[in-house]
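Inside the fold
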Amino acid sequence: MEMASPILLFFLFLFPISLAASDSPYDTFLQCLTDHSNPSDQISSIVYNPSNTSYTTVLQSYIRNARFNRSTTPKPVIIVTPLQITHVQIAVLCSKSIGIQLKIRSGGHDYDGISYVSDVPFIILDMFNLRSITIDMASETAWVQAGATLGELYYKIAKTSNVHGFPAGVCPTVGVGGHLSGGGYGNMLRKYGLSVDNVLDAQIVNVNGQVLDRKGMGEDLFWAIRGGGGASFGVVLSYKIGLVPVPETVTVFRVEKTLEQNATDIVYRWLNVADKLDNDLFIRVLLQPVNSNVKGVKTIRASFISMFLGDAQRLMEVMKNGFPELGLKIEDCMEMSWIQSVLYWANYNSTTAPEVLLSRIPDSVNFLKRKSDYIQTPISKDGLEWIWKKMIETGKTGFVFNPYGGKMSEIPASETPFPHRAGNICKVQYSVNWSDEAEDADKNYMNQIRRLYSYMTPFVSKSPRGAFLNYRDLDIGVTDNGKDRYEDGVVYGQKYFMGNFDRLVKVKSMVDPENFFRNEQSIPPFPS
Ligand SMILES: Cc1cc2nc3c(=O)[nH]c(=O)nc-3n(C[C@H](O)[C@H](O)[C@H](O)COP(=O)(O)OP(=O)(O)OC[C@H]3O[C@@H](n4cnc5c(N)ncnc54)[C@H](O)[C@@H]3O)c2cc1C
Ligand SMILES: *[C@@H]1O[C@H](CO)[C@@H](O)[C@H](O)[C@H]1NC(C)=O
Ligand SMILES: *[C@@H]1O[C@H](CO)[C@@H](O)[C@H](O)[C@H]1NC(C)=O
Ligand SMILES: *[C@@H]1O[C@H](CO)[C@@H](O)[C@H](O)[C@H]1NC(C)=O
Ligand SMILES: *[C@@H]1O[C@H](CO)[C@@H](O)[C@H](O)[C@H]1NC(C)=O
Ligand SMILES: *[C@@H]1O[C@H](CO)[C@@H](O)[C@H](O)[C@H]1NC(C)=O
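Residues numbered from 1 in each chain as written. Chains lettered and ligands numbered in written order. Predicted model: local features only at pLDDT ≥ 70, side-chain atom pairs only at ≥ 80, totals over all residues. Heavy atoms only, no water.

1. So, the site of ligand 6
Rules: Nearness is defined per residue: one heavy atom within 4 Å of the molecule or strand is enough. Any pair of nitrogen or oxygen atoms within 3.5 Å is treated as a polar contact; in protein, a donor-acceptor pairing is required on top of that, and neighbouring residues in sequence qualify only through side-chain atoms on both sides. Here, Shrake-Rupley sampling with a 1.4 Å probe gives the accessible areas, and only protein chains in the shown set may cover a residue.
Taken together, Gln288, Ser364, Asn366, Leu368, Arg370 and Asn433 make up the full set of residues adjacent to ligand 6. Asparagine 366 is positioned such that a nitrogen or oxygen atom in its side chain is 3.3 Å from an oxygen atom of ligand 6. Separating an oxygen atom of ligand 6 from a side-chain N or O atom of asparagine 433 is a distance of 2.5 Å. For ligand 6, whose accessible area on its own is 360 Å², the fraction buried by protein is 47%.

2. Remarks on empty space enclosed by the protein
In plain terms, the rule: A cavity here means a set of 1 Å grid points, computed over protein atoms only, where a 1.4 Å probe fits but cannot escape. A pocket is an open set with protein on both sides within 12 Å along at least 5 of 7 lines, and lining residues have an atom within 4 Å of a point. Grid points are joined across faces, edges and corners, and a volume is the space filled by probe spheres set on the points. Charged means Asp, Glu, Lys or Arg here, nonpolar means Ala, Val, Leu, Ile, Met, Phe, Trp, Tyr, Cys or Pro, and polar covers whatever is left, Gly included.
Tallying each qualifying case throughout the model produces three cavities of 30 Å³ or more. One number sums up the size of the largest cavity: a volume of about 110 Å³. Taken together, 14 residues line the largest cavity, and the ones lying closest to its centre are Tyr154, Ala168, Gly169, Asn187 and Val342. Residue composition of the lining of the largest cavity, by class: ten nonpolar, four polar and no charged.

3. What about the pairing of strand β4 (residues 122-126)?
Quick note on the threshold: Burial status follows relative accessibility: with a 1.4 Å probe on protein chains alone, a residue under 20% of its type maximum counts as buried, one over 50% as exposed, and anything between as partly exposed. A helix here means a DSSP run of H or I that spans at least four residues, while a strand means a run of E at least two residues long, and both kinds are numbered starting from the N terminus. Strand pairing is assigned whenever DSSP detects at least two bridges linking the two strands.
Summarising burial for β4: five of the five residues are buried, a large majority. Neither face of β4 is open: one carries Phe122, Ile124 and Asp126, the other Ile123 and Leu125, and all of them are buried. Two strands pair when backbone bridges link them, and strand β2 (residues 78-80) and β4 are joined in this way by three bridges, in the parallel orientation. In the sheet register, isoleucine 78 faces β4, and the bridge partner there is isoleucine 123. Two strands pair when backbone bridges link them, and strand β3 (residues 101-105) and β4 are joined in this way by five bridges, in the parallel orientation. Bridged to arginine 105 within β4 is aspartate 126.

4. Here's the deal with the site of ligand 5
Near ligand 5 the following residues occur: Asn349, Thr351 and Thr352. One of the side-chain N or O atoms of asparagine 349 is found 2.3 Å from an oxygen atom in ligand 5. For ligand 5, whose accessible area on its own is 360 Å², the fraction buried by protein is 27%.

5. A word on the packing of helix α5 (residues 150-160) against helix α11 (residues 338-345)
Quick note on the threshold: Every axis corresponds to a line fitted to the C-alpha atoms, with the helix fit spanning only the stretch in contact, and the corresponding angles, defined between N-to-C directions, vary from 0 to 180 degrees. Orientation labels follow simple angle bins: below 35 degrees gives roughly parallel, above 145 gives roughly antiparallel, 65 to 115 gives roughly perpendicular, and whatever is left gives oblique. For any helix crossing, the convention is left-handed if the near helix is rotated counterclockwise from the far helix by under a right angle, and right-handed if that rotation is clockwise. What makes two residues a contact is simply this: any of their non-hydrogen atoms within 4.5 Å.
Relative orientation of the contacting elements α5 and α11 amounts to 160 degrees, with a least axis distance of 9 Å. Considering the angle they form, α5 stands roughly antiparallel to α11. Between α5 and α11 lies a crossing whose hand is left-handed. Seen from α5, the contacting residues are Tyr154, Tyr155 and Ala158; seen from α11, they are Trp338, Ile339 and Val342. Grouping the constituent residues of the contact of α5 with α11 by class yields six nonpolar, no polar and no charged.

Listed below in structure tokens is the structure:
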């Protein structure tokens, strides 16, 4: 990997930039970049302001939540799209020197849009061009740049080997930069843990514009960027990951049960066994209010969607012993290669070629809101019935229950910033999508999901009520006074990181005491 000389950059930035008062931030920024790059870089071709014709296209290309795609959404004063590492270095130094907030975007999947929205003037550092993936089969590792998508990574792994995979998210358009720095999980987490449990090295640009690898950044910072959110600490350029073995044949199934088909009993059983089943087996439950067979009456549909690292016959054995209540039949099971299972989990049919994973255009864009929780003790059948009633009353918010246990319970809570390990049965994602454009619709659906979250209080983790950083939720962690950034940080920080929050604050105070790398939910340095 190429490295620019940090010494040279330091030297150049000893000189403050002097400018006429009339210059716009764009002109000032561009001048700064020009001064610190080679003329052959033609740096202006990667710097956009709102009057550039392609500004809107570039901005919208990685917006993945229509709530932040409105004319009223605050827009960046500048978008910069680095083509090489030195461009990232100078973008950091120049935005620092002109005092404009820098937002880093890789895949743009942040659920509350904080990689491309801000209520203060800001620049987007858009990483989509830095997306190379280099696989080294001899060591079963890969270097993946932040702007790559999970789909590109899976595709490339499968092209190289049919017995390797990587444990990360199921949505192929998610970006590596946000996903890995925020934890990252998918349907192999019971076997292999989170994405960050399989990260071996990284390359970042720090607040001084230096490029550092694991050795250069030290173990504290390397720990922090494996789940603490990269955006608090620097710009992640790339991660070195360890590939994991997958069998040539894996098995998937999807079985749906409504309340009339005993969904309550089956979900109750699931809550008692899902984290204890064979580590090769991951069964997610999707819970949604739907119409029942009786006109005008709603029911709850539980969809059990599974990934098994083995063949159908062994899966049937595991299910017979551990979860017979689901009534899985051999006809429900579909055997396939790991990469076909990636497509299956991304809702593509079996005739779709894996090249679709290279597409950066999501197949649907919605208005959406997500929230998260952790269930630590099984909910009683009465409790579940009460929850179903509340879900139906509330409207269309659904749940996704993702089982933990297995490898997740073996990794100490302090190993990475992600703290939700042993003792958690499952993570809950609250999920609501809508397509109504009116801004009033947002209020309605946001209220729905918040109400359901409040109904769930007795059934989920407490003090603090845990949350998953990658399921960004700006609702959590705002203090009553709404002013004290550090106190706010303590509130959301405890929920996302629990006992690891203090160490993150220490690392932050060490590597970025002036808090240049910040956003609405970043790690605050100690108040000075
Ligand atoms: C449709 C959909 C499906 C999802 N499925 C899953 C899933 O299966 N499993 C899961 O764990 N999560 C899932 N997520 C959540 C996803 O992991 C997070 O939103 C993740 O942060 C997205 O990364 P990104 O690069 O696409 O996002 P971005 O919006 O670009 O970034 C997210 C955050 O990371 C920061 N960041 C981005 N790049 C860098 C970088 N290079 N250096 C430093 N900071 C950076 C941003 O500033 C922002 O704070 C899903 C999200 C969506 C929208
Ligand atoms: C944006 O416009 C400026 C002139 O205002 C120009 O110098 C620059 O090259 C344009 N950027 C892009 C990416 O086209
Ligand atoms: C954003 O709006 C544009 C039209 O202005 C549309 O083409 C695009 O699909 C929208 N993206 C999202 C995520 O809503
Ligand atoms: C639901 O459970 C009851 C009693 O446990 C059983 O008699 C009935 O057959 C089940 N219904 C379905 C659709 O499985
Ligand atoms: C599979 O999906 C593709 C689009 O991805 C569609 O064109 C095709 O008709 C589908 N095939 C089947 C058998 O459903
Ligand atoms: C909601 O939107 C997300 C992201 O666009 C998509 O992945 C998911 O399938 C949608 N869910 C429903 C029920 O439409």
